[in-house]
Amino acid sequence: MRCVFLLIMLCGLAIAEDGLKAWLRYAPPPMSRSLNEYPIPSRIVVLNSTMSSPVFTASQEVVQGIQSMFGISLDVDDAESIQSRIDTSKWHGNLQENPFEQFPLRLPKADTTQIWPAIIGTIDVFEERYPGKLPDLTGLQPDGFYINISSSAILILGRNERGALYGSFKYLSDLAQGTAFPTTHMSNPDVPIRWVNQWDNLHGRGRQGSIERGYAGASIFFENGLVRDNLDRARQYARLLASIGINAVVVNNVNADSGILSDRNIEGLARIADAFRPYGIQLGISCYFASPEKYGLPTADPLDEDVIAWWNNITNVIYERIPDMAGYLVKANSEGQPGPLTYNRTLADGANMFARALRPHGGTVMFRAFIYDASKLNLKANWRDDRAVQAAQFFDGLDGMVDDNVVIQIKNGPIDFQVREPVSSLFSHIRRARTALEIQVTQEYLGQQCHIVYLGSMYKEIMDFDFAVDNTSAPLSKILNGQQFDRKAGGYAAVVNAGLDETWLGSHLAMSNLYAYGHLAWNPSRDPEELVRDWTRLTFGHDEKIVETIFDMSMTSWPAFENYTANLGLLSMVDAATHFGPDPGYRVHSAIATRAYKGSIGIDRTVDNGSGYAGQYPKRIADMYENVDATPDELLLFFHHVPYTRRLHSGSTVIQRIYDAHYAGSQTVHDYIGKWKSIKQMVDVEQYENVLSRLKFQAGHALVWRDAINNYFHDLTRIPDEKGRVGNHPWRIEAEDMDLDGYVIHEVRPAVSASGGRGIVTSSTTKMGIAAATIGFPAGEYALAINYFDVATGCSAWQVFLNDQPTAQWAGDGEFKLGHSPSRSINGASATRITFSNITVAPGDVLRIEGTPDGQEMAPLDYISFLPLGIVD
Ligand code: GCW
């Protein structure tokens, strides 16, 4: 009977998956287990719950999850009303010695005497009600939870209310994955700070709030300068984040608008906090340092009494409305933002001003360490100039000067969320103040959610990085949780930038990064491989083929992205405007520099001959990075300036490694298309198409990257590719070499972002252009790839004719579909490709493309390729 039921449910799977439910779909669990093996209670008993309490939320979540997974509706009772029917006689203080053999399952409806309850609540209330029944749980920390599944009850208990909710999510996740059910499980978070930062603006995207470096539409919090009326998405976001152990969200951009502190916005923030509260999520606020000046004071000097009083007052006002506000996040003296240094005060003075306003309310100030002074950098003139050394110069001396509710929030690397950086030396400098790691889930420099890049492995590598402080093993996670320097724990903050898009981050596959972040912040010893598998099962399904396909794509994706963008510790060569397309020339001497010269490349960060950044690490690490032979290949050019002909540990030369990596990386992501297609039947149609179109985009854009970077180095160094690939594209026809009518040649800037440095655009904004070529390739079937530029200023249309027969068409409307920072120019950020398969041609055939401009987008084309089966170019 039950099996039949499960089958019916599984057949009903064809509901459209828009992504909104993410990993909380609660789809029917694997059929490989019989329903009898799932620990499904007969009722829910909820302890100490009010409507806004996470315990109440937990009970609702369990009801909803079990209904959705098993089609079973459970009643919820409070402990009093059901007291007589709970048989506590078998509970004897050590429940784990009383495991079930087979779950008793739901008892027949007729039986009104016996129940097998799931009891959800806090440890304290449980102990009050059922004294002496629990094992020793003194080790359970705030937010921690205890689950026990025995033949008499399922206990889901938290040290606090939030813990009970986390325990419920864990229980549901185990059910949903159909994995092993431990009979007893205790879990504590490693750190108390597990925050998310949103870089949401109050204004900016039409009437809606935009999101800085956000690729998923407008803000879920703000519109028209105010907090939205409808906070449904904020509520759903809180649920999603609670399910992975996040406990606070800073809702506005660190480049903060002082308007966030207006009366109306404080009211609005209170509504957001109300929406968050049932999920145990606290609200945090980014503060503009000079806010007092915006509200009428002559200064924002952090030692000025009126300024101090102003912050104390506004903080009190906020706490009156939001008594559980988490605290402030402050970006000061960074990228044009004012800060204490503006008023000749120290960073500590600035941080403490906020800390003291927050202290009476138990709030925390997260003070960002992302401080550098670009005006002091002249890399062209000064060999030792380097942005990486600056943070420690700003922060040394501050340690020990800040209050203990200050947490210094430090980006993972010394530069800025690049594809690979060493872990910031600053973590080993600050020994007394608490610190938090800031990482990005939003892929600002990493393909902006249009390239899949699974970052769980990167986060893990960062957390595990051993600073060897005082010659002891000192992984970053141990510095953050306070153990290393014997201080209070700090934690983690991730810039997430979820938006109104139904996929939350703008891409279904990008969500594994958020999932991994939450789980790793809770427990840094989690395995990123296991996490991506769990996430896949919950998001897409249990079929091994799905799990292994997505696993394989995910695990190869960070190395692939690194390969086709920047290798060997070279920093990202993205353009300045969008951070999306390649512009290697611009980066030679910028603050994010490559120092790529004709014969040699890389930044010398040694103490001996460079900026000295290597010397900012504890001795063992400093010695490693100082020594060019000891530095790992993947960071070679981050620490050393070497000839292109230098041999790496791998045996290859630097230049050949750059060429090879770009070919390998772009090939890897090209293969994702076939891999994804192989699971077509197993994935929701909408999701399948959405991911497929992004994978195609990625494969095309990876080639743009590959060619831009390889051609750049080829031209610069004049060192040929040993394998003869760079600059050699036998299957291409350049658009500028075609017969043009109504099209003119366009010099592309940077030149490396177009094949041959040039493309074509229509000669007018209103008239169609025609480009034609006679084909000389051998007769046969090809994939026809067309590289064009999809600029944000219009939606051109192109049509392809073969011997006058309409063969293919497309539109340049990616700016409405893709979500990455749109480019207004013809460059590496707008360069893209579309491919049409199974095109049969013979020598002498004529290919004609008609491009119809739209707005300021003048149907730009770069080149076409006729690709025989198996050729990627
Ligand atoms: O990398 C830079 C980003 C800015 C961001 C800044 C920061 C919010 O390009 O958009 O500003 O980092 O982290 O403060």
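The rules we used
Residues numbered from 1 in each chain as written. Predicted model: local features only at pLDDT ≥ 70, side-chain atom pairs only at ≥ 80, totals over all residues. Heavy atoms only, no water. Near = heavy atom within 4 Å. Polar contact = N/O pair within 3.5 Å; in protein donor to acceptor, adjacent residues only side chain to side chain. Areas by Shrake-Rupley, 256 points an atom, 1.4 Å probe, with all protein chains shown as cover. Nonpolar A, V, L, I, M, F, W, Y, C, P; charged D, E, K, R; others polar. UniProt positions renumbered as here; feature names shortened; annotations may be inferred. Helix = DSSP H or I, 4+ residues; strand = E, 2+ residues; numbered from the N terminus. Phe/Tyr/Trp six-rings, centres within 6.5 Å; stacked < 30°, edge-to-face > 60°. Buried < 20%, exposed > 50% of the residue type's maximum accessible area, 1.4 Å probe, protein only. Lys NZ or Arg CZ within 6 Å of the ring centre and 35° of its normal. Contact = heavy atoms within 4.5 Å.

Draft legend 1. The arrangement of the site of the ligand in detail. In the vicinity of the ligand lie 15 residues, with E212, K331, R368, D416 and E444 positioned nearest. Side-chain polar atom of E212 to an oxygen atom of the ligand: 2.4 Å apart, as the coordinates give it. The side chain of K331 places a nitrogen or oxygen atom 2.6 Å from an oxygen atom of the ligand. Burial of the ligand by the protein amounts to 96% of the accessible area it has alone, namely 330 Å². Within the shell around the ligand, the residues separate by chemical class into four nonpolar, three polar and eight charged.

Draft legend 2. Main features of the UniProt feature "domain: Alpha glucuronidase N-terminal" (unreviewed entry) in the chain. Within the UniProt annotation, "domain: Alpha glucuronidase N-terminal" (unreviewed entry) is assigned to residues 22–84 and 116–171. Helix and strand shares over residues 22–84 are 33% and 11% respectively, and the end C-alpha atoms of the span are 40 Å apart. Helix makes up 32% of residues 116–171 and strand 29%, whereas the separation of the span's terminal C-alpha atoms amounts to 16 Å.

Draft legend 3. Summary view of the packing of aromatic side chains. Inspection of the entire model under this criterion finds 41 aromatic pairs. When the centroid spacing of 6.0 Å and the interplanar angle of 80 degrees are considered together, the rings of F221 and F276 count as edge-to-face. With F221 in the loop between β9 (208–211) and β10 (222–223) and F276 in helix α7 (residues 263–276), the pair connects residues that are 55 residues apart, well separated along the chain. Each of the two residues, F221 as well as F276, counts as buried. Taking 6.0 Å as the distance between ring centres and 10 degrees as the angle between the ring planes, the aromatic pair formed by W676 and Y688 counts as stacked. Of this pair, W676 sits in helix α20 (residues 654–677) while Y688 sits in helix α21 (residues 685–717), and the two are twelve residues apart along the sequence. The pair W676 / Y688 is uniform in exposure class, with both members buried. Of the aromatic side chains, those joined through ring pairs into one cluster are F427, F465, F467, Y613, Y617, Y625, F638 and F639. A cation sits over an aromatic face here: R533 above F551, 3.7 Å from the ring centre.

Draft legend 4. Structural detail: the environment of D862. In this fold, D862 is placed in strand β31 (residues 861–867). For the pair D862 and S557, spaced 305 residues apart in sequence, the C-alpha to C-alpha distance is 27 Å. Filtering out sequence-adjacent residues up to four positions away, D862 remains in contact with E734, A735, E736, S753, A754, S755, R758, G759, N787, Y788 and F789. At 2.9 Å, the side chain of D862 and the backbone nitrogen of S755 are in polar contact.

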